[in-house]
Amino acid sequence: MPADVPELEPFYRPLDGADGERFHATTSTTGPWFADAQHVGPPSALLVRALERCPSTASTQLSRITVEVLGPVPAGEVRVCADIERPGRTVELLAAEMHAGGRTVLRARAWRLALGDTSVVAAGEAQPLPPPEQGTPRQELPPGWLPGFMNCVEWRWLRGWFGEPGPGTTWGRLRVPLVEGEKPSPLQRLAVLADTANGAASPLDLTSWLFVNTELTIHLHRPPVGEWMAVAAETVLGPTGMGTVSGLLFDEHGHTGRSAQSVVLRPR
């Protein structure tokens, strides 16, 4: 690893114990745009962690998660809270927020459904991807991309690269824990990777253009499993300063869901 890359740390260190709400976001969370702002992947996963911890009286699964980005997410101390907004026996709406610097920086909503056996009618999944070992390992960053979060994922590329314009397909596996002392859940791992779709499929040069997402939505048709997750992403850029990113999400067993991002486009 290059000498100027900081030593890898967990994304977050708990400040009030494992069950507390306060965390310290380390330099491992900082994204390629600004040295003091988090990539939205790790904080989205921290919100997923809070949503997964909401109590339930039945066997349930999260089916859709939307994270709204209300502004830059600074590194340093953050606070996360979650609750059940609309309880139910088979369908529930959950809510979570992240606070930093005296303001709300992220707000999430998630639908949680009761588990059921529909295996006899399951259909429509995309074809599985080639496995991670068939991908091309690339840890170097394009010119102008800042180290931090990008170095904390082990990348295996099947199509494209962060430095190549156009659609991109990549496997990723976390090289650090989400929370110090914990093993991330598969859904937490998937949330981290899903937010990289706009970078994996960007047709623009980061040094010349801002193409940051204002939200991240994940739809699941089954819960993900394992450590390796993949996104196959494509971007559409509009003529009035906005774009969309859509992705298919995979684990090593196959297709697990879809992602979408709305992107704001501005010259730097």
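*Asks:* I would appreciate a short explanation of the overall build of the protein chain in the present structure.
*Replies:* Scanning the protein chain for helices and strands turns up three helices and 14 strands. Against the globule reference of 18 Å for 268 residues, the protein chain gives a C-alpha radius of gyration of 18 Å, in line with a compact fold. Per-residue burial over the protein chain gives 48% buried out of 268 residues. Put simply, of all contacts in the protein chain between residues at least 6 apart along the chain, 65% involve residues at least 24 apart.

*Asks:* How should helix α2 (residues 186-194) be read in this particular structure?
*Replies:* For an α-helix, the turn length of 3.6 residues means that residues three or four places apart are oriented alike. Along α2, eight of the nine residues are buried, which leaves the element largely enclosed by surrounding structure. Looking only at α2, the buried set comprises L187, Q188, R189, L190, A191, V192, L193 and A194.

*Asks:* Is there a simple way to explain helix α1 (residues 41-52) in this structure?
*Replies:* The end-to-end C-alpha distance of α1, which contains twelve residues, comes to 16 Å, matching closely the 16 Å that a straight helix rising 1.5 Å per residue would cover. The buried fraction of α1 is high, at eleven of twelve residues. All buried positions along α1 are accounted for by G41, P42, P43, S44, A45, L46, L47, V48, R49, A50 and L51.

*Asks:* Is there a simple way to explain the confidence of the model for the protein chain in this structure?
*Replies:* Low pLDDT marks regions whose predicted coordinates should not be analysed in detail. Of the residues in the protein chain, 98% reach a pLDDT of 70 or more, and the chain-wide mean stands at 94. Residue range residues 1-5 is modelled with pLDDT below 50. Its contacts to residues more than four positions away, or to other chains, number five contacts.

*Asks:* How do you make sense of empty space enclosed by the protein when you look at a structure like this?
*Replies:* A probe matching the size of a water molecule, rolled over the atoms, marks out where space remains unfilled. Overall, the coordinates contain two cavities of 30 Å³ or more when judged by the stated rule. Lining the largest cavity we find N198, S202, P203, L204, F211, T235, L237, V245, V263 and L265. Along the lines of polarity and charge, the residues of the lining of the largest cavity split into seven nonpolar, three polar and no charged. In this structure, the second largest cavity spans a volume of roughly 40 Å³. Lining the second largest cavity we find G172, R173, L174, R189, L193, E227 and M229. Mapped onto the lining of the second largest cavity, the elements with two or more residues apiece are β9 (168-174) and α2. The dominant element in the lining of the second largest cavity, judged by the number of residues it contributes, is β9, at three residues. A class-by-class count of the residues in the lining of the second largest cavity yields three nonpolar, one polar and three charged.

The rules behind each value
- Residues numbered from 1 in each chain as written.
- Predicted model: local features only at pLDDT ≥ 70, side-chain atom pairs only at ≥ 80, totals over all residues.
- Heavy atoms only, no water.
- Helix = DSSP H or I, 4+ residues; strand = E, 2+ residues; numbered from the N terminus.
- Rg over C-alpha atoms; globule rule 2.2 N^0.38 Å.
- Buried < 20%, exposed > 50% of the residue type's maximum accessible area, 1.4 Å probe, protein only.
- Contact = heavy atoms within 4.5 Å.
- Expected span 1.5 Å × (residues − 1).
- pLDDT = per-residue confidence, 0-100.
- 1 Å grid on protein atoms, 1.4 Å probe; cavity = no way out; pocket = protein on both sides within 12 Å on 5 of 7 lines; lining within 4 Å.
- Points joined across faces, edges and corners; volume = space filled by probe spheres on them.
- Nonpolar A, V, L, I, M, F, W, Y, C, P; charged D, E, K, R; others polar.

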